[in-house]
Amino acid sequence: MEASEAAKDPVEAEESPKSSAASQKTLSTLRKPRKPPIWKMILTSVKNMNDPKGSSLQSIKKNLASEFLLDVDRKSYFIKKALLTVIESGKLVRMNGIGAVGLFKLNEGGRVPKKVISSKIVPKVGRSKSTKAKVITSK
């Protein structure tokens, strides 16, 4: 009986690697193909739309949903973040608007645009008011 049990052990040992290899093959065929990074999806969608005035965030999201089957409701934060990153890198140019709102075009000239500083952030340079304390006397 022991010889028959020993004969079963090598067979079971051989079957387990085959079964794991077979399961790995089925897993690799069942996996979805990887999607490109969101910033690459944004660049290709803007390139495919090719609007002369520029593409809005809403139209970019619609294109991502239809072309790449991306759930834009769940990934809206990442889309905005990637859009701002691509603008800062100089691959996209904001035609008008502030932040992730506005119209965007591909940067065909290759120049990186200067950062626009709004007047709200920059303090006015000039003569400051006097720092003398006023004395209030009561009568």
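Structural data are supplied above this passage.
Keep in mind that what you see is a predicted model, and the values were worked out from it rather than measured.

J.: Teacher, can you tell me more about the pairing of strand β3 (residues 103–106) here?
T.: Across a regular strand the side chains alternate sides, sitting on one face of the sheet and then on the other. Sheet topology note: the strand β1 (residues 55–56)/β3 ladder contains two bridges and is antiparallel. Paired with Ser-56 across the bridge in β3 is Leu-103. One ladder, built from four bridges, connects strand β2 (residues 92–96) with β3; its direction is antiparallel. Within β3, the residue paired with Arg-94 across the bridge is Phe-104.

J.: What should I look at first to understand helix α2 (residues 38–49) in this one?
T.: Turn by turn, an α-helix covers 3.6 residues, leaving residues three or four places apart pointing in a common direction. Its 12 residues give α2 an end-to-end C-alpha distance of 16 Å, which sits within 8% of 16 Å, the value for a rise of 1.5 Å per residue. Residues Ile-38, Met-41, Ile-42, Leu-43, Ser-45 and Val-46 constitute the buried set of α2. Summarising the contacts, the buried residues of α2 are in contact with β1, α3 (57–67), α4 (76–89), β2 and β3. Asn-50 sits one or two residues past α2 and shows a positive phi near 50°.

J.: I would appreciate a short explanation of the packing of α2 against α4 in the present structure.
T.: Helix packing for two helices is described by the angle between their axes and how far apart those axes are. Their axes nearest at 9 Å, the elements α2 and α4 cross at an angle of 70°. Considering their axes alone, α2 and α4 lie roughly perpendicular with respect to each other. Contacts between α2 and α4 pair Ile-38, Trp-39, Ile-42 and Leu-43 from the former with Phe-78, Ile-79, Ala-82, Leu-83 and Val-86 from the latter.

J.: Mind showing me how you'd approach α3 here?
T.: Burial in α3 covers these residues: Leu-57, Ile-60, Lys-61, Asn-63 and Leu-64. Buried residues along α3 cover an arc of 165° about the axis, so they all sit on one side. Residues Gln-58, Lys-62 and Ser-66 are exposed on α3 and point more than 90 degrees away from its buried face. Its buried side turned inward, α3 meets α2, β1, α4 and β3. Positive phi shows up at Leu-69, right after α3, with a value of about 55°.

J.: Is there a simple way to explain the packing of aromatic side chains in this structure?
T.: Geometry of an aromatic ring pair is reported as the spacing of the ring centres plus the angle between the planes. A complete count under the given rule lists one aromatic pair for this structure. Ring centres of Tyr-77 and Phe-78 lie 5.5 Å apart, and the angle between their planes is 75°; this geometry places the pair in the edge-to-face category. The class for Phe-78 is partly exposed, based on a relative accessible area of 43%.

J.: Help me understand the nonpolar core in this model?
T.: It is characteristic of soluble globular proteins that their nonpolar side chains tend to be buried jointly. Formed by 19 residues in total, the largest nonpolar core has its most connected members in Ile-42, Ile-60, Leu-64, Ile-79, Leu-83 and Leu-92. Looking at this core, the elements that each hand over two or more residues are α2, α3 and α4. Here Leu-92 is in contact with Ile-42, Leu-43, Val-46, Leu-83, Val-86, Ile-87, Phe-104, Lys-105, Leu-106 and Asn-107, once residues within four sequence places are set aside.

Parameters and conventions
Residues numbered from 1 in each chain as written. Predicted model: local features only at pLDDT ≥ 70, side-chain atom pairs only at ≥ 80, totals over all residues. Heavy atoms only, no water. Pairing = 2+ DSSP bridges. Helix = DSSP H or I, 4+ residues; strand = E, 2+ residues; numbered from the N terminus. Expected span 1.5 Å × (residues − 1). Buried < 20%, exposed > 50% of the residue type's maximum accessible area, 1.4 Å probe, protein only. Contact = heavy atoms within 4.5 Å. Axes fitted to C-alpha atoms, helices over the stretch in contact; angles between N-to-C directions. Parallel < 35°, antiparallel > 145°, perpendicular 65-115°, else oblique. Arc of directions from axis to C-beta. Phe/Tyr/Trp six-rings, centres within 6.5 Å; stacked < 30°, edge-to-face > 60°. Core = buried A, V, L, I, M, F, W, Y, C linked by side-chain atoms within 4.5 Å.

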